[in-house]
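# Structural overview for review
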Amino acid sequence: MERPELSITVERAPDEVIFHLAGEIDVLTVTNLSTLVNETLAEPPARIVLDMAGVTFCDSQGLGTLVVLSRKAQHARSVLALANVGDFLLRVLDITGLRSALMISSTA
C-alpha cells in the first residue's frame, strides 16, 4: 500500500510566509515540515501560516510537531497560525487538549 506524502508549497509575502500543506502530517513527513519552518524562523516574518486545507491525516507526532513549531515561532517573536483546519483535525485538537496551545485562524 502506497503512503501519501506531504506536499508543501511556500508562498512568501513581506510580513508573512504561508505553507500550503497537502497530504499527511505524520512520523514520516514531519521532518521536512520542521526543516522548512525552522529555516523560515532564521529571519522570522511577523506571521507564519500553515494552510491545512489539504491535510488528510495528522498523527501524534504531527500534533507534537505543530506545538513545537508554534513555541519556536513565539521564541523568535513570530506567530504561527493554522488556517483552514478541517473538522476532523479540530476534533482531534479538542480531544487532546491541544487546541488552546495553537493559534487557529479561519482563513489563510
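Because the structure is predicted, anything quoted here is derived from the model rather than measured.

Looking at where Ser7 falls in the secondary structure, it is placed in strand β1 (residues 6–12). Exposure remark for Ser7: the relative accessible area of 39% places this residue in the partly exposed category. Spatially, the C-alpha atom of Ser7 lies 9.4 Å from that of Val55, the residues being 48 residues apart in sequence. Setting aside residues no more than four positions away along its own chain, Ser7 makes contact with His20, Leu21 and Ala22.

Time to look at the pattern of salt bridges. Evaluation of the coordinates by the stated rule reveals two salt bridges. When the shortest N-O distance is used, the salt bridge between Arg47 and Glu16 registers 3.0 Å. Note that Arg47 is positioned in strand β3 (residues 47–58) and Glu16 in strand β2 (residues 16–25), a separation of 31 residues in sequence. For Arg47, a relative accessible area of 24% puts it in the partly exposed group.

The rules behind the values
Residues numbered from 1 in each chain as written. Predicted model: local features only at pLDDT ≥ 70, side-chain atom pairs only at ≥ 80, totals over all residues. Heavy atoms only, no water. Helix = DSSP H or I, 4+ residues; strand = E, 2+ residues; numbered from the N terminus. Buried < 20%, exposed > 50% of the residue type's maximum accessible area, 1.4 Å probe, protein only. Contact = heavy atoms within 4.5 Å. Salt bridge = Lys/Arg side-chain N within 4 Å of Asp/Glu carboxyl O.

What is shown is where atoms sit, not what they do.
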